[in-house]
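Residue-level structural notes
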Amino acid sequence: RQNGFVSDLFPQGWASRPPHVTSQRTRSKAGEPLEADVLLWRNVHFTGQNPAFSDQTAIADAAKMSWIREETPPDENTWSERFRKFCASVLKAGPIPKHVAFIMDGNRRFARKKGMDRAEGHLMGFEKLAETLKWCRDLGITEVTVYAFSIENFKRSREEVESLMEIARQKFARLMEEKEAIMKHGVCIRVLGNLTLLPLDIQRSIAEAMTMSKDNDKAFLNVCFAYTSRHEISNAVEEMAEGVEKGLIKPSDISESLLDRCLYTSHSPDPHLLVRTSGEVRLSDFLLWQSSFSVLSFMEVLWPEFSFWHLCAAVLHYQRNHDAITRAREQHDLEREQAQRQADYDAVVSELQQEDPSKIDQSKRASIPALVRKQETERQRRVEEFLQHLDRKRAKFLDDLVQKNEIKVCS
């Protein structure tokens, strides 16, 4: 409490407010910048000339920013850093969400607040992402999904979209430069969305990063880029319809569970915790299907001002609601299994009735349980073969991009 340390280390009102509602305060009473501000301004240099979106200074800064933060350097190994590690160990005594999703909102408002150009605000937001990924790793959170660019963002001004594409171009290229760190930490990079909407060179950079890290399994980073949840769901429906048309699956095989496995996130568990910054209390077409049983944490802080303590507050909010949300999820899973068994039974009865309803004698009725088990086995086989076909199709899309890029480089 002495020298105002505690009041500056924690967001104002952190102890008295609900953990999912935090303050935007970023300076101490004496007007001195908080440690988070110092770190941000030390790590990112801006000219102060308020450059246009296409300013090469901002692009050069983007190229220098790292995705993977290593361990705390010796000069930052202060007692406050040790206190953070202590708090992390206390949190880890309770249930920790293994998958956390972030809606990184507030970059443009932060830029206006600081008198920056919007492009600089987006760069600050990326720097905060790299910092947050390290905090998640320290807390034992093994999977993170971030909403980086919505399909709706293409409706913004042309110069802002071009600026964001240039930043993305630099950042995805940077991933390949950090191959050693990515492989060291075993990070699997996935970019989820309609990649065909992006410039071809960005598609190729994304494909290279995903292909390079596809076998890593210690940690997972999912970047939703050119993404909306409604597009993801409609794409999954189209994939299932195509599967029926090609005879890979039957109409009776279509279920909630199958749609789950046709989504871009099919290889990830649903997020346990979803955090949105900037004070907005909506999901903005992000993981609508997957977040049905996620703990939602809406925070007032702008994304570039997000701190370790805000993350701790969100995890505490998750821990308070863990038991209730777990029971709800387990009940839903049970009901889904029951619905699938009923669907298999209905499919068998429907086939018997199509043969000749009048000839369904007692012996056939007695054989229905065996027929249901056979239907279940065959359905599972068809579904697995269809999903393997879908995985091969998506992998081929990425492989083709990588090969075209290699041909281009060689030529």
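Described below are features of the structure shown in this document. (Residues numbered from 1 in each chain as written. Predicted model: local features only at pLDDT ≥ 70, side-chain atom pairs only at ≥ 80, totals over all residues. Heavy atoms only, no water.)

Quick look at helix α10 (residues 229-245)
Along its 17 residues, α10 runs 24 Å from first to last C-alpha, staying within 8% of the 24 Å computed at 1.5 Å per residue. Turning to α10, its buried residues number three or more, namely Ser229, Glu232, Asn235, Ala236, Glu239, Met240 and Gly243. Buried residues of α10 fall within an arc of 140° about the axis and therefore sit on the same side. The exposed set on the far side of α10, more than 90 degrees from its buried face, consists of Arg230, Glu238 and Glu245. With its phi angle positive at about 80°, Gly247 sits one or two positions after the end of α10. (Helix = DSSP H or I, 4+ residues; strand = E, 2+ residues; numbered from the N terminus. Expected span 1.5 Å × (residues − 1). Buried < 20%, exposed > 50% of the residue type's maximum accessible area, 1.4 Å probe, protein only. Arc of directions from axis to C-beta.)

A closer look at the sheet that holds strand β4 (residues 219-227)
Taken together, the 6 strands give an open sheet; going across it, the order is β3-β4-β2-β1-β5-β6, and neighbouring strands pair in parallel fashion. Here the strands that pair on one side only, and so sit at the sheet edges, are β3 (187-192) and β6 (295-298). This sheet shows a mean twist of 15° between the axes of neighbouring strands, independent of strand direction. Examined bridge by bridge, β3 and β4 share 6 bridges and lie parallel to one another. Paired with Val191 across the bridge in β4 is Val223. With respect to the sheet, helix α6 (residues 118-139) is in contact with β1 (99-103), β2 (143-150) and β4, its orientation differing from that of β2 by roughly 160°. Strands in contact with helix α7 (residues 158-177) are β2, β3 and β4; relative to β4, the strand with the most contacts, it is inclined by about 155°. (Pairing = 2+ DSSP bridges. Axes fitted to C-alpha atoms, helices over the stretch in contact; angles between N-to-C directions. Contact = heavy atoms within 4.5 Å.)

Quick notes on the packing of α7 against helix α9 (residues 200-213)
With their axes 9 Å apart at the nearest point, α7 and α9 run at an angle of 30° to one another. When the interaxial angle is binned, α7 and α9 end up roughly parallel. Crossing of α7 over α9 shows left-handed handedness. Each of Met165, Ala168, Arg169, Phe172, Ala173, Leu175 and Met176 in α7 lies in contact with α9, whose residues at this interface are Asp201, Ile202, Ser205, Ile206, Glu208, Ala209 and Met212. A per-class count over the contact of α7 with α9 returns 10 nonpolar, 1 polar and 3 charged. (Parallel < 35°, antiparallel > 145°, perpendicular 65-115°, else oblique. Left-handed = near helix turned anticlockwise from the far one by under 90°. Nonpolar A, V, L, I, M, F, W, Y, C, P; charged D, E, K, R; others polar.)

Side note on unusual backbone geometry
Of note, Ser278 is a non-glycine position whose phi angle comes to about 85°, a positive value. Mapped onto the elements of the fold, Ser278 is located in the loop between β5 (273-276) and β6.

As for the packing of aromatic side chains
Under the counting rule described, the total for this entry stands at 13 aromatic pairs. Aromatic pair Phe102 and Trp303: ring centres 5.7 Å apart, planes at 55°, arrangement tilted. Placement of the pair is Phe102 in strand β1 and Trp303 in the loop between β6 and α12 (308-355), with a sequence separation of 201 residues. Residue Phe102 is classed as buried on the basis of its relative accessible area, which comes to 1%. Judged by its relative accessible area of 0%, Trp303 is buried. Ring centres of Phe102 and Phe306 lie 6.0 Å apart, and the angle between their planes is 75°; on these two criteria the pair is classed as edge-to-face. Pair noted here: Phe102 is in strand β1 and Phe306 is in the loop between β6 and α12, with a separation of 204 residues, a long-range link. Neither residue differs from the other here; Phe102 and Phe306 are each classed as buried. Every member of this aromatic cluster is reached through a ring pair, and the members are Phe83, Phe86, Trp135, Phe308 and Trp309. (Phe/Tyr/Trp six-rings, centres within 6.5 Å; stacked < 30°, edge-to-face > 60°.)

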